[in-house]
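Observations on chain architecture
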2 protein chains.
Amino acid sequence: MKLANDLRNFREKRGGISQEALANAVGVSRQTIISIEKGRFIPSAFLALKIAKFFDTSVEDIFYLIDGQNNKIRWRVKWK
Amino acid sequence: MKLANDLRNFREKRGGISQEALANAVGVSRQTIISIEKGRFIPSAFLALKIAKFFDTSVEDIFYLIDGQNNKIRWRVKWK
DNA sequence: AATTATTGTAAAGTATGCTTTACAATAATA
DNA sequence: TATTATTGTAAAGCATACTTTACAATAATT
């Protein structure tokens, strides 16, 4: 089980912004953004939430668990 | 803006399990769990997702952003 | 084609998320 | 009350998430 992400897609396709702009918006360096996009860094939950908030979506939409065959692991969200 | 969490409530009230049991379930040490509950550590997104999955809920249910007056910051999740 | 914008990599340094170990304090159980 | 379970704290060490700086490569614009 590993962590994967769809950050680049969100940034380019849904946000239409540069790494620099996203970095400034969530309070990190551009190199941090690319390191996350390239899977070199795992972001803190704090940063993941700020990124999710920026894109008006949930953490699970951008960052997700994958199994040994790179399949997205999903679970039902119950209660609230 | 800071990170807060409701982990203890989830663990005790909804899970009815000890810190040790949760720690084992998500693959960290018990001290890590209490450090998160007490706000001493900010978990990685990877760990936050594993914890959310364990409780069949979303990251945002357990971990959330708060403002200067400790109010929960919410945003609407759009698209999917 | 030249210039600008964006992306990508690397390195070194700092801060912190984690680990283990140990003990104390508190709560629950017998 | 004694014992066990759980929670809490502390310290030291390791790994890595970050920072800055620098340069290269690629893409977009003029």
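Residues numbered from 1 in each chain as written. Chains lettered and ligands numbered in written order. Predicted model: local features only at pLDDT ≥ 70, side-chain atom pairs only at ≥ 80, totals over all residues. Heavy atoms only, no water.

Looking now at the layout of surface pockets. Looking at the largest pocket, its volume works out to about 830 Å³. Lining the largest pocket are 32 residues; nearest its centre among them are A:Ser58, A:Glu60, B:Ser58, B:Glu60 and B:Val77. Contributing elements (two or more residues each) for the lining of the largest pocket: helix 1 (7–15), helix 5 (59–62) and strand 2 (63–66) of chain A together with helix 1 (7–15), helix 5 (59–62) and strand 2 (63–66) of chain B. Tallied by class, residues from the lining of the largest pocket come to 16 nonpolar, 2 polar and 14 charged. Roughly 160 Å³ of internal volume is contained in the second largest pocket. Together, A:Met1, A:Lys2, A:Leu3, A:Ala4, A:Asn5, A:Ile36, A:Gly39, A:Phe41, A:Ile42, A:Pro43 and B:Phe46 line the second largest pocket. Per-element accounting of the lining of the second largest pocket gives the leading share, 4 residues, to strand 1 (residues 2–5) of chain A. Class assignment for the residues of the lining of the second largest pocket results in 8 nonpolar, 2 polar and 1 charged. (1 Å grid on protein atoms, 1.4 Å probe; cavity = no way out; pocket = protein on both sides within 12 Å on 5 of 7 lines; lining within 4 Å. Points joined across faces, edges and corners; volume = space filled by probe spheres on them. Helix = DSSP H or I, 4+ residues; strand = E, 2+ residues; numbered from the N terminus. Nonpolar A, V, L, I, M, F, W, Y, C, P; charged D, E, K, R; others polar.)

Once that is clear, we can look at the packing of aromatic side chains. All told, the structure shown has 4 aromatic pairs over all chains when counted by the stated rule. Between the aromatic rings of B:Phe54 and B:Phe55, the centroid separation amounts to 5.0 Å while the plane-to-plane angle is 85°, which identifies the pairing as edge-to-face. Grouped by ring-pair contacts, the aromatic residues A:Phe10, A:Phe54 and A:Phe55 constitute a single cluster. Its end group placed over the ring of A:Tyr64, A:Lys72 keeps NZ or CZ at 4.5 Å from the ring centre. The cationic tip of B:Lys50 hangs over the ring face of B:Phe46; the distance from NZ or CZ to the ring centre is 4.0 Å. (Phe/Tyr/Trp six-rings, centres within 6.5 Å; stacked < 30°, edge-to-face > 60°. Lys NZ or Arg CZ within 6 Å of the ring centre and 35° of its normal.)

What surrounds DNA strand C is a group of 20 residues, the closest being A:Arg8, A:Arg30, B:Ser29, B:Thr32 and B:Phe41. Put simply, 62% of the atoms of DNA strand C that lie within 4 Å of the protein are in sugar or phosphate. One of the side-chain nitrogen or oxygen atoms of A:Arg30 is found 2.8 Å away from a base oxygen of DNA strand C. Looking at the surface near DNA strand C, the elements with two or more residues in it are helix 1 and helix 3 (30–37) of chain A together with helix 3 (30–37) of chain B. In terms of residue count, the dominant contributor to the surface near DNA strand C is helix 3 of chain A (3 residues). Taken together, the residues of the surface near DNA strand C break down into 6 nonpolar, 8 polar and 6 charged. (Near = heavy atom within 4 Å. Polar contact = N/O pair within 3.5 Å; in protein donor to acceptor, adjacent residues only side chain to side chain.)

Backbone phi values are negative for most residues with the exception of glycine, while trans is the configuration of most peptide bonds. Here the phi dihedral of A:Asp56 falls at roughly 50°; this positive angle occurs in a residue that is not glycine. Relative to the helices and strands, A:Asp56 resides in the loop between helix 4 (45–54) and helix 5. Assessed through its relative accessible area of 25%, A:Asp56 is described here as partly exposed. The phi dihedral of B:Asn70 is positive, around 60°, even though this residue is not glycine. (Buried < 20%, exposed > 50% of the residue type's maximum accessible area, 1.4 Å probe, protein only.)

With an RMSD of 0.0 Å, the operation that places chain A on chain B is a rotation of 180° combined with a shift of 0.0 Å along the axis. Taken together, these values place the two copies in the relation of a two-fold axis. Both copies share a contact surface, since 100% of the interface residues of chain A are interface residues in chain B too. (Least-squares fit on C-alpha atoms with pLDDT ≥ 70 in both. Contact = heavy atoms within 4.5 Å.)

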